[in-house]
Amino acid sequence: MDEHEVASQVLAAVDNAAYRNSATRISSVHLAIGGRRVLDLNRLQSAFAVAARGTVAEGAQLSVKVLPVRHRCRNCGNNFEASPADCPCPACGHPHTEMIGGEELQLLDMELADVA
Ligand SMILES: [Zn+2]
């Protein structure tokens, strides 16, 4: 999924939420993205700005929180946060750990500029 796809997915969610809240304008959007997604945040900002034209979110500020990637150790079951690359367990040193997160895409919050 590239920046444009993420931006349009976010906009669809924002649009939906705005409709449910009878909002006509959104002033800011807070997003959480898993650290395993390889996204350029600047490109995401501009893709969002372009995609938001003519929608309730036109001109809205997009703030993005990058979530840590979580791994689970296959040996001791320890869960830890680490870089997206495969890495050893900090508890037991076992080299084989599996990623258990990092692909999230969540709309955390948004501010309504105008409630009809
Ligand atoms: Zn371990």
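See the structure printed just above.
Quick look at the structure, then.

1. Digging into the state of the cysteines
Alright, step 1. Scanning the entire structure with this criterion turns up 0 disulfides.
Alright, step 2. Of all cysteine sulfurs in the structure, the one in Cys89 sits closest to Cys87, which takes part in no disulfide; the separation is 9.0 Å.
Alright, step 3. Taking the relative accessible area as the measure of exposure, Cys87 reaches 14% and is therefore buried.

2. Side note on the pattern of salt bridges
Alright, step 1. Scanning all chains against the criterion turns up 3 salt bridges.
Alright, step 2. Of the charged contacts, one joins Arg43 and Glu3 as a salt bridge, the two residues approaching to 3.6 Å between their closest N and O atoms. With a gap of 40 residues between them, Arg43 in helix H2 (residues 41-51) and Glu3 in helix H1 (residues 3-20) connect regions that are remote in the sequence.
Alright, step 3. Glu3 gets classed as buried once you look at its relative accessible area, which sits at 6%.
Alright, step 4. Between Arg36 and Glu103 there is a salt bridge, with its nearest N and O atoms 3.6 Å apart. One end of the pair, Arg36, is in the loop between strand S1 (23-34) and H2; the other, Glu103, is in the loop between strand S5 (97-99) and strand S6 (105-115), with 67 residues separating them in the sequence.
Alright, step 5. The exposure class assigned to Arg36 is partly exposed, which follows from its relative accessible area of 34%.

Parameters and conventions
Residues numbered from 1 in each chain as written. Predicted model: local features only at pLDDT ≥ 70, side-chain atom pairs only at ≥ 80, totals over all residues. Heavy atoms only, no water. Disulfide = S-S within 2.5 Å. Buried < 20%, exposed > 50% of the residue type's maximum accessible area, 1.4 Å probe, protein only. Salt bridge = Lys/Arg side-chain N within 4 Å of Asp/Glu carboxyl O. Helix = DSSP H or I, 4+ residues; strand = E, 2+ residues; numbered from the N terminus.

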